[in-house]
Amino acid sequence: MAARSFSPLDASAMTANILDGNAIASARRLDIQAAVKQRAERGERPPGIAAILIGDDPASAIYVRGKERDCKEVGFKADFRHHPAEITEQQLLAEIDELNQDDSIDGILVQLPLPAHIDDDNVIDRIDPRKDVDGFHPYNIGRLALRRPTLRSCTPKGIMTLLESTGVPIRGLDAVVVGASNHVGRPMGLELLLAGCTVTTAHKFSRFTAGHIRQADIVVSAVGKPGLIRGDWIKPGSIVIDVGITRDAGGKLRGDIEFEVARERAGWITPVPGGVGPMTRVSILESTLAVANGEIG
Ligand code: GUN
């Protein structure tokens, strides 16, 4: 019996193609901006995003500022709110109720992590699933699991766009997702399964993560531990996606994957920063436009 099935990946490439999330997201923002102009010409209001930031986590503040900048660039209404860490869960839920009813708002984002006294699940559950442009609501994850996706989880959606940009047909490929979080790892596995990949999810209890990765045509790592994935584990010619983003002691942003070694083996690889992050943000804009256009049931 043949040891391995046919793989369309070219194992002879020397240095990986860089999957430039900044460039791809920037081109897609231009398309979104054009769609917003067309809506205006038809007399339709701009799509609207409401975002809620709680507390003073510097990384969250940077992410939210980026989302606000994106909204301005494409011509969306941006209703961004910042509350002190002491806000109660009841107050936050009441604000979500109000945004759920607001007809000028198509997408609602609550930046995570939340302070410990607020239950993330209660907050996510309260967002109207038809405005859940992060794609975190159990309804939207359930729809993806049942092969009837509606609003898709933003980071996996952005990664699927990056995979499409390679031009490689991924149906039948072996994919390994490292990390089983609710917001990235789990929906990522569901997206890859929907696309016809054979999916393995490795997580903190997995015993043979390196062995799985050595055989993978696609690796997606979403853990947040710099250097977790050794470059010499990467299968030649494979597609390598790094969702991890951690600031090291020197202030430099680092992914999970040993980039300099991995790039000499992979066919395609995302940089950190500038790979997955911009794609997550543009996915949120795309989903919000789809809601405004009445494309989400
Ligand atoms: N915190 C880190 N990433 C995200 C994200 O994509 N959405 C939200 N709401 N919070 C986050």
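Taken together, six strands build an open sheet; the order of strands is β1-β11-β8-β7-β5-β6 and the sheet is parallel. Both edges of this open sheet fall to β1 (17-18) and β6 (198-202), since each of them pairs with a single strand only. Taken together, the two bridges between β1 and strand β11 (residues 268-269) define a ladder with parallel strand orientation. Among the inter-strand pairings, I18 is bridged to a residue of β11, identified as I269. Across the sheet, helix α7 (residues 185-194) is in contact with β5 (174-178), β6 and β7 (218-221); its angle to β5 comes to roughly 170°.

Let us now look at the side chain of D70. Inspection of the secondary structure puts D70 in helix α2 (residues 58-74). Every residue in contact with D70, bar those within four places of it in the chain, is listed here: R29, R281 and L285.

Lining the immediate surroundings of the ligand are K67, V110, Q111, L112, D134, F136, C154 and T280. Interatomic distance of 2.8 Å between a backbone N/O atom of V110 and a nitrogen atom of the ligand. One of the backbone N or O atoms of L112 is found 2.9 Å from a nitrogen atom in the ligand. For the ligand, whose unbound accessible area comes to 280 Å², protein coverage reaches 77%. Counted by class, the shell around the ligand contains four nonpolar, two polar and two charged residues.

Quick look at the state of the cysteines now. Put plainly, a disulfide is one covalent bond tying together the sulfur atoms of two cysteines. The tally for this structure, following the rule as stated, stands at zero disulfides. Distance from the sulfur of C154, which forms no disulfide, to the nearest cysteine sulfur (C71) is 13 Å. No disulfide involves C197; its sulfur sits 20 Å from that of C154, the nearest cysteine. The exposure class of C197 is buried, given its relative accessible area of 5%.

A few words on the pairing of strand β8 (residues 239-242). Of the two faces of β8, the one carrying I239 and I241 and the one carrying V240 and D242 are both buried. Of the pairings in the sheet, the one linking β7 to β8 comprises four bridges and is parallel in character. Paired with I218 across the strands is I239, a residue of β8. Relative to β11, β8 is paired through two bridges, and the arrangement is parallel. Note that in β11 the partner of V240 across the bridge is I269.

So, about the nonpolar core. One finds F76, L163, L192, I218 and I239 to be the most contacted residues of the largest nonpolar core, which totals 63 residues. It is helix α10 (residues 276-292) that contributes the most residues to this core, seven residues altogether. Setting aside residues no more than four positions away along its own chain, L192 makes contact with M160, L163, I170, A175, V177, C197, V199 and V220. If you look at the next biggest cluster of nonpolar residues, it comprises 14 residues, including V176, A216, V240 and I269.

Here we take up the pattern of salt bridges. Inspection of the entire model under this criterion finds 17 salt bridges. Note that K72 and E68 form a salt bridge whose closest N and O atoms lie 3.6 Å from each other. In this pair, K72 and E68 are both assigned in helix α2, four residues apart and thus about one turn of the helix distant. The class for K72 is exposed, based on a relative accessible area of 57%. A salt bridge links D232 to R230; the nearest nitrogen and oxygen atoms lie 2.9 Å apart. We classify D232 as partly exposed; its relative accessible area is 33%. For R230, a relative accessible area of 40% gives the class partly exposed. Residues joined in a network through salt bridges with shared partners are D79, R81, E95 and E98.

Reading the values: rules and limits
Residues numbered from 1 in each chain as written. Predicted model: local features only at pLDDT ≥ 70, side-chain atom pairs only at ≥ 80, totals over all residues. Heavy atoms only, no water. Pairing = 2+ DSSP bridges. Helix = DSSP H or I, 4+ residues; strand = E, 2+ residues; numbered from the N terminus. Contact = heavy atoms within 4.5 Å. Axes fitted to C-alpha atoms, helices over the stretch in contact; angles between N-to-C directions. Near = heavy atom within 4 Å. Polar contact = N/O pair within 3.5 Å; in protein donor to acceptor, adjacent residues only side chain to side chain. Areas by Shrake-Rupley, 256 points an atom, 1.4 Å probe, with all protein chains shown as cover. Nonpolar A, V, L, I, M, F, W, Y, C, P; charged D, E, K, R; others polar. Disulfide = S-S within 2.5 Å. Buried < 20%, exposed > 50% of the residue type's maximum accessible area, 1.4 Å probe, protein only. Core = buried A, V, L, I, M, F, W, Y, C linked by side-chain atoms within 4.5 Å. Salt bridge = Lys/Arg side-chain N within 4 Å of Asp/Glu carboxyl O.

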